[in-house]
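Residue strings, one per chain:
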Amino acid sequence: MSEDPGIQPDGALVVQTHGYTPRLWRGRNVAFLANLLSLFYGNEAGGEALSEEISGVDSYGGRLLPLTGLLYEGGENVLVLEHQPDPALCGYFENDLGLSLPEVCVLSREDYLRWGAGHELFERLCRHPSEWLDAYVTDERVVELAAKMGKREICQPGASQRGNNKVLFHQTMEQAGHPVFETRIARSPAELSGCLDQLAAAGYARAGIKSAIGASGIGLQICRTGGEVSVPEYFFHEGECLVQGWLEVGQGGVERLASPSVQLFLDEKSVYLYDLTEQILSDSSVHQGNESPPPYLDETPGLAEELFRQAGDAGSWLHSVGYRGTASVDFLVAFGADGHTAYGCEINARVTGATYPSVLARHYLPRGCWLMRNLRMTSPVSGSGVLKLLDRHGHLYRPGEKAGILPINFNLDAEELVSKGQFLCVAEAEGGCRRLLELANEDLPLRWGYDRD
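Residues numbered from 1 in each chain as written. Predicted model: local features only at pLDDT ≥ 70, side-chain atom pairs only at ≥ 80, totals over all residues. Heavy atoms only, no water.

*Asks:* Please explain the sheet that holds strand S11 (residues 241-245) as it appears in this structure.
*Replies:* Paired through their backbone hydrogen bonds, the strands of a sheet run either parallel or antiparallel. Strand order in the open sheet made by the four strands is S8-S11-S9-S10, with antiparallel pairing throughout. Each of the sheet's edge strands pairs with one partner strand only, and the pair in question is strand S8 (183-186) and strand S10 (218-224). Averaged over all pairs of adjacent strands, the angle between strand axes in this sheet comes to 20 degrees, irrespective of strand direction. Contacting S8, strand S9 (206-215) and S11, helix H8 (residues 166-175) crosses the sheet at an angle of about 115 degrees to S9. (Pairing = 2+ DSSP bridges. Helix = DSSP H or I, 4+ residues; strand = E, 2+ residues; numbered from the N terminus. Axes fitted to C-alpha atoms, helices over the stretch in contact; angles between N-to-C directions. Contact = heavy atoms within 4.5 Å.)

So, in structure tokens, the structure goes:
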């Protein structure tokens, strides 16, 4: 990516490709509701499935803590979390990294669903000087609260939900002439087996069933083609599901696969494409981390340009439906003897698992490389203990350094100990990031393993 943005006019909209993070919400201050289980727009069964799959889901909102002042530069922000963040990590953000932290309020998921006028926190947010109300997604609840608080939503009502809809994204990319997966649309569970039979006849051994709205593997089921299949009822909450042929090594000349993702920011007039990452996925295609730049870019001429071109079209569509804020477009790249093909997998119109590391890494080391992993401790340890051990070995990142490990968030257990965390490695070269991760495993008196987002 070049120093100067390449600008392509599209009517009144401007799509810009940056090699660095643009200024985000300049002059805006926000009250941000970091309730992760709201990602499913009233689909409570989907939220419950996410809660069952991810341990410590109530402390994931802490990832917004170091990011809020970088996303919303107007000052006097307030962040409503479900769990009090680790105090040692807060001190590291403020005193060592020099970040401007928001005021923090704590509200449980149960209270979030029923709080309103008369609640002490509600009245407190009404009095708070923030002009805007934002959240992971803008659902009916956010629109209702914004009206009652006298604040404005970042997104137009309904824009967030349309922007996260995988069926609409697939149709948009297909209409734009971009490569798409072999796809059938199932409008009810009864249509699934017929869709799978058709994909089996087309030569696919497996298929991916995708609900229109999903997150972190919830709403995705990989299955064999042909025969009967069942999915949870919440898959059809939005009315339709995608049933897509699953690309695999060895099928149709595919020799290897990659999973890049383009990071976006949309303001009122522009779509910024500001980072290109590789997604680190589990065997079941669940997100575990990211690295930037993808390690195969140098050996694949033209791929970055193609990914940015497709992501620019996706971002233009996202802007047209009224979405504003951070987003990402995820791809699958199939490599073969005849070259490569990039397929758009999905668009995520929200702060994503790659937003946190990308914005932080580019803030401190704009031209460097970064690698973020979700790491689970084999034995819980205190937050201050994690920081001290990394610092003692000289690996804890501080501004001005060329390499280091920056803990983004700690997921805490019932004893307020770190059971898992999101750790960002930054360095001038990509090999340096991987080496830092190896050294971190040696720094702590316990082993850790990679975990899902």
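*Asks:* Hey, could you run me through the environment of Leu412 in this one?
*Replies:* Mapped onto the fold, Leu412 is located in strand S19 (residues 404-412). Assessed through its relative accessible area of 8%, Leu412 is described here as buried. Sequence separation of Leu412 and Pro380 is 32 residues, and the distance between their C-alpha atoms is 8.6 Å. Once residues within four sequence positions are removed from consideration, Leu412 is found in contact with Ser59, His83, Gln84, Asp86, Leu417, Val418 and Ser419. (Buried < 20%, exposed > 50% of the residue type's maximum accessible area, 1.4 Å probe, protein only.)

*Asks:* Whenever I open this one, the sheet that holds strand S5 (residues 103-106) confuses me. Can you help?
*Replies:* Taken together, the five strands give an open sheet; going across it, the order is S5-S4-S3-S6-S7, and neighbouring strands pair in parallel fashion. Of all strands in the sheet, those with a lone pairing partner are S5 and strand S7 (152-153), marking the two edges. One ladder, built from four bridges, connects strand S3 (residues 30-33) with strand S6 (residues 132-135); its direction is parallel. Counterpart to Ala31 in the pairing with S6 is Leu133. Lying on the sheet, helix H5 (residues 120-127) is in contact with strand S4 (78-81) and S5; it crosses S5 at an angle near 155 degrees.

*Asks:* How should I be thinking about the pairing of S10 in this particular structure?
*Replies:* Taken residue by residue, a regular strand's side chains alternate between the two faces of the sheet. As judged from the six bridges shared by S9 and S10, these two strands associate in the antiparallel manner. By the bridge assignment, Arg206 is partnered in S10 with Arg224. Two successive antiparallel strands, S9 and S10, enclose a turn made up of two residues, where Ser216 displays a positive phi of approximately 50 degrees.

*Asks:* Just to check I follow, could you spell out H5 for this structure?
*Replies:* For an α-helix the count is 3.6 residues per turn, leaving residues at separations of three or four pointing the same way. Inspection of H5 places Leu121, Phe122 and Leu125 among the buried residues, and these make up the whole buried set. Looking down the long axis of H5, one finds its buried residues gathered within 105 degrees of arc, a one-sided arrangement. Looking at H5, the residues exposed on the side facing more than 90 degrees away from the buried face are Glu120 and Arg127. Those residues of H5 that are buried lie in contact with S4, S5 and helix H6 (140-149). (Arc of directions from axis to C-beta.)

*Asks:* When you look at the packing of aromatic side chains in this model, what are you seeing that I'm missing?
*Replies:* Aromatic ring pairs are reported here in terms of the distance separating the ring centres and the angle at which the planes meet. Inspection of the entire model under this criterion finds 11 aromatic pairs. Centre to centre, the rings of Tyr234 and Phe235 are 5.3 Å apart; their planes meet at 40 degrees, and the pair counts as tilted. Accessibility expressed as a relative area gives 16% for Tyr234, which makes it buried. Ring geometry for Tyr364 against Tyr397: centres 5.7 Å apart, planes inclined by 65 degrees, an arrangement best described as edge-to-face. On the criterion of sequence distance, the pair formed by Tyr364 in helix H11 (residues 355-364) and Tyr397 in the loop between helix H12 (383-392) and S19 is long-range, its members being 33 residues apart. Judged by relative accessible area, which is 0%, Tyr397 ranks as buried. An aromatic cluster of three or more residues is present, and its members are Trp25, Phe265 and Tyr272. The ring of Trp132 carries the charged tip of Arg28 above its face, separated from the ring centre by 3.8 Å. (Phe/Tyr/Trp six-rings, centres within 6.5 Å; stacked < 30°, edge-to-face > 60°. Lys NZ or Arg CZ within 6 Å of the ring centre and 35° of its normal.)

*Asks:* Can you help me understand the side chain of Lys151 in this one?
*Replies:* Tracing the chain through its elements places Lys151 in the loop between H6 and S7. This buried residue, Lys151, is left without a salt bridge; Glu131 holds the nearest opposite charge, at 9.1 Å. Among the polar contacts listed, one links the side chain of Lys151 to the backbone oxygen of Leu125, at a separation of 3.1 Å. Ignoring anything within four residues of it in the chain, the contact list for Lys151 reads Ala31, Leu125, Cys126, His128, Ser130, Glu131, Trp132, Leu133 and Ala146. (Lys, Arg positive; Asp, Glu negative; His and termini not counted. Salt bridge = Lys/Arg side-chain N within 4 Å of Asp/Glu carboxyl O. Polar contact = N/O pair within 3.5 Å; in protein donor to acceptor, adjacent residues only side chain to side chain.)

*Asks:* Help me understand the environment of Ile405, please; the structure alone is not making it clear to me.
*Replies:* When you line up the elements, Ile405 lands in strand S19. The class for Ile405 is buried, based on a relative accessible area of 1%. Ile405 sits 10 residues away from His395 along the chain, and the two C-alpha atoms are 5.8 Å apart. If sequence neighbours within four positions are ignored, Ile405 has contacts with Tyr92, Leu390, His395, Leu396, Tyr397, Phe423, Leu424, Cys425, Leu436 and Ala440.

*Asks:* So what exactly am I meant to see when it comes to unusual backbone geometry here?
*Replies:* For residues that are not glycine, phi is negative in most cases, and the peptide bond is trans in most cases. At the junction of Ser292 and Pro293, the peptide bond is cis and its omega measures out at -5 degrees in the coordinates. Relative to the helices and strands, Pro293 is located in the loop between strand S15 (287-292) and helix H10 (303-320). In this structure, Tyr41 is a non-glycine residue whose phi angle is positive, near 55 degrees. Structurally, Tyr41 is set in the loop between S3 and helix H1 (44-53).

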